[in-house]
Amino acid sequence: MAVQVSRFGPRVWIFLIAVSLIIVVAYAVYAASLSDRTSTTASASLGSLSQVQSGTSPLVGKQVPTFSLPELTVGAKPASGKVSPSNFAGHPLVINFFASWCTACQAETPMVASVAQELGHKVDFLGIDENDTDKAKALAFIAKDHVTYPVATDHASLQGKYLLIGLPTTVFVRASGKVVGVVQGQMTRQVLDHWITRIE
């Protein structure tokens, strides 16, 4: 029986092998990028920017920086005229830096205030009104958003201690006084809930 000889020469076989390798590599790159996109999407649902920044803050793992600031919301509890993290010792604490002129704060504050009311005494909240030149505007802002937790007023004295690079910024503190998370930028409800579970 005669053996049929392939019509393809060596060059054709080399070309076909090269094309096959290109296809395999291209598919591997595509699969990797698809995996990265899926991972990014999952992170985005928890606020990928906030999560990354919270993990890299030098404050995480350290005791919450101390301060004593004038209280803006005299009617809030506790009301002492001055506000300090020591007022909340032994309780989980959320410190939210904001300003009435900050657009992202205007969107975030009603949600933070609502969660604070839902949690009651399980978790304490403290607002820090940063660089508001008009006290009346600051008071109107927190009244409009039904902020019932204490709010202190500050004029950049905490910028260095808390490494503030923008507003809003939220610091999550365990009852022991240790910082476990710092979120820079506007939070979603899901991000806030995530970090609260870390300090309860």
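Residues numbered from 1 in each chain as written. Predicted model: local features only at pLDDT ≥ 70, side-chain atom pairs only at ≥ 80, totals over all residues. Heavy atoms only, no water.

Engineer: Residues and numbers for the overall build of the protein chain, please.
Structural biologist: Within the protein chain one finds 5 helices and 7 strands. Along its sequence from the N terminus, the protein chain presents helices and strands in the succession α-α-β-β-β-α-β-α-β-β-β-α. Taken over 200 residues, the protein chain has a buried fraction of 39%. Across the protein chain, the fraction of contacts at a sequence separation of at least 24, relative to all contacts at a separation of at least 6, is 74%. About 11,300 Å² of surface is accessible on the protein chain, with carbon and sulfur atoms providing 64% of the total. (Helix = DSSP H or I, 4+ residues; strand = E, 2+ residues; numbered from the N terminus. Buried < 20%, exposed > 50% of the residue type's maximum accessible area, 1.4 Å probe, protein only. Contact = heavy atoms within 4.5 Å. Areas by Shrake-Rupley, 256 points an atom, 1.4 Å probe, with all protein chains shown as cover.)

Engineer: Give a detailed account of helix H5 (residues 189-199), specifying residues and quantitative values.
Structural biologist: Within the sequence span of H5, burial applies to Val191, Leu192, Trp195, Ile196 and Ile199. Down the axis, H5 shows its buried residues gathered within 130 degrees of arc, on one side only. (Arc of directions from axis to C-beta.)

Engineer: Describe the sheet that holds strand E4 (residues 124-130), naming the residues involved and giving the relevant values.
Structural biologist: By way of backbone hydrogen bonds, the strands of a sheet pair with one another, either parallel or antiparallel. Sheet architecture is open: 5 strands sit in the order E5-E4-E3-E6-E7, paired in mixed fashion. Two strands in the sheet have a free side with no partner beyond their single neighbour: strand E5 (151-154) and strand E7 (179-184). Put simply, the sheet's adjacent strands are angled 15 degrees from each other on average, direction ignored. The sheet strands contacting helix H3 (residues 103-119) are strand E3 (93-98), E4 and strand E6 (169-173), and the helix crosses E4 at an angle near 155 degrees. (Pairing = 2+ DSSP bridges. Axes fitted to C-alpha atoms, helices over the stretch in contact; angles between N-to-C directions.)

Engineer: Describe the state of the cysteines, naming the residues involved and giving the relevant values.
Structural biologist: Enumeration over the complete set of coordinates arrives at 1 disulfide. Between the sulfur atoms of Cys102 and its disulfide mate Cys105 the distance is 2.4 Å. The sign of the 80 degrees torsion about the S-S bond sets the Cys102-Cys105 disulfide as right-handed. Each member of the pair Cys102 and Cys105 is classed as buried. (Disulfide = S-S within 2.5 Å.)

Engineer: Describe in detail the nonpolar core, supporting the description with residues and values.
Structural biologist: Ranked by size, the top nonpolar core spans 29 residues in total, and within it Phe125, Tyr149, Phe172, Met187, Leu192 and Ile196 carry the most contacts. At 7 residues, the largest contribution of residues to this core is made by H3. In this structure Phe125 touches Phe88, Leu93, Val94, Val112, Val115, Ala116, Leu119, Tyr149, Pro150 and Ile196, once residues within four positions along its chain are discounted. Judged by nonpolar contacts, the second largest core, of 19 residues, contains Ile95, Leu126, Ile128 and Val182. (Core = buried A, V, L, I, M, F, W, Y, C linked by side-chain atoms within 4.5 Å.)

Engineer: Got a sec to walk through the pattern of salt bridges? Specific residues and values, please.
Structural biologist: Applying the stated rule across the entire model yields 4 salt bridges. The salt bridge partner of Arg189 is Glu118, with a shortest N-O separation of 2.9 Å. Separated by 71 residues along the polypeptide, Arg189 in helix H5 and Glu118 in helix H3 bring together distant segments of the chain. By relative accessible area, Arg189 is classed as partly exposed at 35%. Judged by relative accessible area, which is 52%, Glu118 ranks as exposed. (Salt bridge = Lys/Arg side-chain N within 4 Å of Asp/Glu carboxyl O.)

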